Amino acid sequence: MNAFQNALKQLKIAADAMSLDAAVLEILKNPERVVEVSLPMRMDDGSLKIFTGYRVQHSNARGPYKGGLRYHPKVDLNELRALALWMTMKCAVVGIPMGGAKGGITVDPKKLSAGELERLTRSFTRAMKDVFGPERDVPAPDVNTTPKIMAWIMDEYSKIVGQPAPAVITGKPIAIGGSAGREAATGQGAFYVLEELVKKLKIQPQKTTVAIQGFGNVGYHMAELMHKAGYKIIALSDSQGGIVDLRRRGMDPKNVMEQKHSRGLIGNMYCIGSVCDGTNYKAVANGKLLEIPCDILIPAALEHQITGKNAGRLKAKIVLELANGPTTPEADEKLKRKKIVVVPDILANAGGVTVSYFEWVQNKQGLYWSEAEVLKKLEPVMRQSFSAIWERHLKYKTTLRVAAFVLALERLRDSIQAKS
Ligand code: NAD
């Protein structure tokens, strides 16, 4: 099954659980619009290359489309359809007045020079000039896209419309209208959700081990927050592989990040200053990291990591989904049978889109908030969303994923029916 089929299956399970109106389900099964653009680009060596860019707009029933842009060699339409549907659900889960979309370019940005990356991004923006817009569709960063890329998009779009248009995109550098707190928002939001969950499950951070797959924006910030709160981070990985702490005492993510920067990889050894330990800290392959005995497993990389094939081998008690769509429906079934609690992506990583929405609000009103104000607004959104989902989890005697979809679908149904 591809990612979109998986997303549709999740939608159907929740719709059945709550007896959703069939017409509402039909509307939400299909994206409202799919745009594909061809992007010819002059490379630095003078040759011409054609790239393909996409934007899938799933639903604007609750407000302008919102969702990230991904630059990755494996970007394809079915993946984007799924990610766009999840964005619609996510925005509804946290109750923000925005819809769902996702886009990107099929490219490995690591193989482009800085100049090529900028030209490709500006060309993509020109091709999407009638698709994006502050009141229409507001993109944001995702895998391999950065605040700098958001700045190029804002700049190019502003030139096209002949006026500064900061609200066309979020995740911008603070100097041009980005929000304080945006970079760490996804990890921070997940951390508030985790705090609510540990209260329900009566877990003590100091006695809790954690493995994190994906050591980028989201994985790193979450690792930092958990480390500071006393959780023991015993395994971390990025696309090149990972590191595991055999003594299970816990690693400082900052040290691992320094290693990543200085040596280009995080496996094999753990260094504090110039002292490195290659005996108690070993390399671990990405797939194996998921199967490490730990209390909390955090997929924070790409989708489809926990599948029907490996779900039976997971040893974690909790899976906290920071990546989008890391668990397939087949795996969900197995995890449910193993009584592993899965905190779904559309709740766990919704802090990112919530602060993106705050950035858009600040751009539109021209009044900016401090990081403390942003976090003060984020915290109740995440905690209340968790409680609303927990209530439905008990009411419908179902998983947190189904409960989260039910909450989103209740809100989407109300918006759709109010207009019909
Ligand atoms: P990123 O590009 O900053 O980091 C991705 C990380 O995953 C990198 O460390 C990369 O090396 C690693 N990775 C890639 N393939 C891997 C593999 N097979 N095994 C292990 N690690 C691998 O991206 P990000 O912004 O941190 O996004 C990560 C996930 O979180 C994505 O699924 C994204 O959709 C989701 N997400 C991000 C945000 C956000 O605010 N950035 C918000 C919500 C959801």
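Residues numbered from 1 in each chain as written. Predicted model: local features only at pLDDT ≥ 70, side-chain atom pairs only at ≥ 80, totals over all residues. Heavy atoms only, no water.

**Student:** What should I look at first to understand the site of the ligand in this one?
**Tutor:** Taken together, 23 residues lie near the ligand, and Asp-142, Thr-186, Ser-239, Ala-301 and Asn-324 sit nearest. Contact between the ligand and Asp-142: an oxygen atom at 2.8 Å from a side-chain N or O atom of the residue. The contact in question runs from an oxygen atom of the ligand to an N or O atom on the side chain of Arg-182, over 3.2 Å. Summarising the interface, the protein chains cover 86% of the accessible area of the ligand, which totals 830 Å² for the free molecule. Listed by contribution, the elements that provide at least two residues to the shell around the ligand are α7 (217–228) and β7 (232–238). Taken together, the residues of the shell around the ligand break down into 8 nonpolar, 11 polar and 4 charged. In terms of domain composition, the shell around the ligand takes at least three residues from each of domain 1 (34–168) and domain 2 (184–348). (Near = heavy atom within 4 Å. Polar contact = N/O pair within 3.5 Å; in protein donor to acceptor, adjacent residues only side chain to side chain. Areas by Shrake-Rupley, 256 points an atom, 1.4 Å probe, with all protein chains shown as cover. Helix = DSSP H or I, 4+ residues; strand = E, 2+ residues; numbered from the N terminus. Nonpolar A, V, L, I, M, F, W, Y, C, P; charged D, E, K, R; others polar. Domains from an automatic or database assignment.)

**Student:** Explain the domain arrangement of the chain here, please?
**Tutor:** By a widespread convention, an interface's size corresponds to the accessible area lost as its parts come together. Per the domain assignment, the segments making up the chain are domain 1 (34–168) and domain 2 (184–348). Taken over C-alpha atoms, the centre of domain 1 sits 28 Å from the centre of domain 2. Of the residues lining the interface, 12 residues belong to domain 1; the matching set on domain 2 comes to 9 residues. Both faces considered, domain 1 and domain 2 share a buried interface measuring about 820 Å² in area, 58% of it formed by carbon and sulfur atoms. Considering only the surface of domain 1 that becomes buried against domain 2, Trp-86, Lys-90 and Val-93 emerge as the three largest contributors, covering 51% of it. Two residues, Glu-303 and Arg-70, come together in a salt bridge whose shortest N-O distance is 3.1 Å. When grouped by side-chain class, the residues that make up the side of domain 1 that touches domain 2 number 5 nonpolar, 1 polar and 6 charged. (Contact = heavy atoms within 4.5 Å. Buried area = accessible area lost by both parts, 1.4 Å probe. Salt bridge = Lys/Arg side-chain N within 4 Å of Asp/Glu carboxyl O.)

**Student:** Is there a simple way to explain the side chain of Asn-349 in this structure?
**Tutor:** Structurally, the position occupied by Asn-349 is in the loop between α11 (345–348) and α12 (351–365). Polar contacts involving the side chain of Asn-349 include one to the main-chain carbonyl oxygen of Ala-323, which spans 3.4 Å.

**Student:** Where do I start with the pairing of strand β5 (residues 137–141) in this structure?
**Tutor:** The side chains of a regular strand alternate, first on one face of the sheet and then on the other. Most of β5 is tucked away: 4 of the 5 residues are buried. Bridge count for strand β3 (residues 65–72) against β5 is 5 bridges, and the pairing is parallel. Note that in β5 the partner of Gly-67 across the bridge is Pro-139. (Buried < 20%, exposed > 50% of the residue type's maximum accessible area, 1.4 Å probe, protein only. Pairing = 2+ DSSP bridges.)

**Student:** Would you mind showing me how to read the nonpolar core here?
**Tutor:** What tends to happen in soluble globular proteins is that the nonpolar side chains get buried as a cluster. Counting 94 residues, the largest nonpolar core has Met-226, Leu-236 and Ile-298 as its most contacted members. Inspection of this core shows a minimum of three residues originating in each of domain 1 (34–168) and domain 2 (184–348). Contacts of Leu-236, omitting those with residues within four sequence positions, involve Ile-212, Phe-215, Ala-223, Gly-242, Ile-243, Met-251, Pro-253, Val-256, Ile-266 and Leu-289. In terms of nonpolar packing, the next biggest core, distinct from the first, is built from 26 residues, Val-131, Trp-152, Ile-153 and Tyr-157 among them. (Core = buried A, V, L, I, M, F, W, Y, C linked by side-chain atoms within 4.5 Å.)

**Student:** Before we go on, may I ask you to explain the layout of surface pockets in this structure?
**Tutor:** One water molecule sets the probe size; rolling that probe over the atoms shows where empty space is left. By volume, the second largest pocket amounts to about 290 Å³. Of all the secondary-structure elements, those providing two or more residues to the lining of the second largest pocket are α10 (329–337), β14 (341–343), α13 (371–395) and α14 (400–419). Residue contributions to the lining of the second largest pocket peak at 3 residues, all from α10. Its residues assigned to classes, the lining of the second largest pocket shows 7 nonpolar, 3 polar and 5 charged. (1 Å grid on protein atoms, 1.4 Å probe; cavity = no way out; pocket = protein on both sides within 12 Å on 5 of 7 lines; lining within 4 Å. Points joined across faces, edges and corners; volume = space filled by probe spheres on them.)

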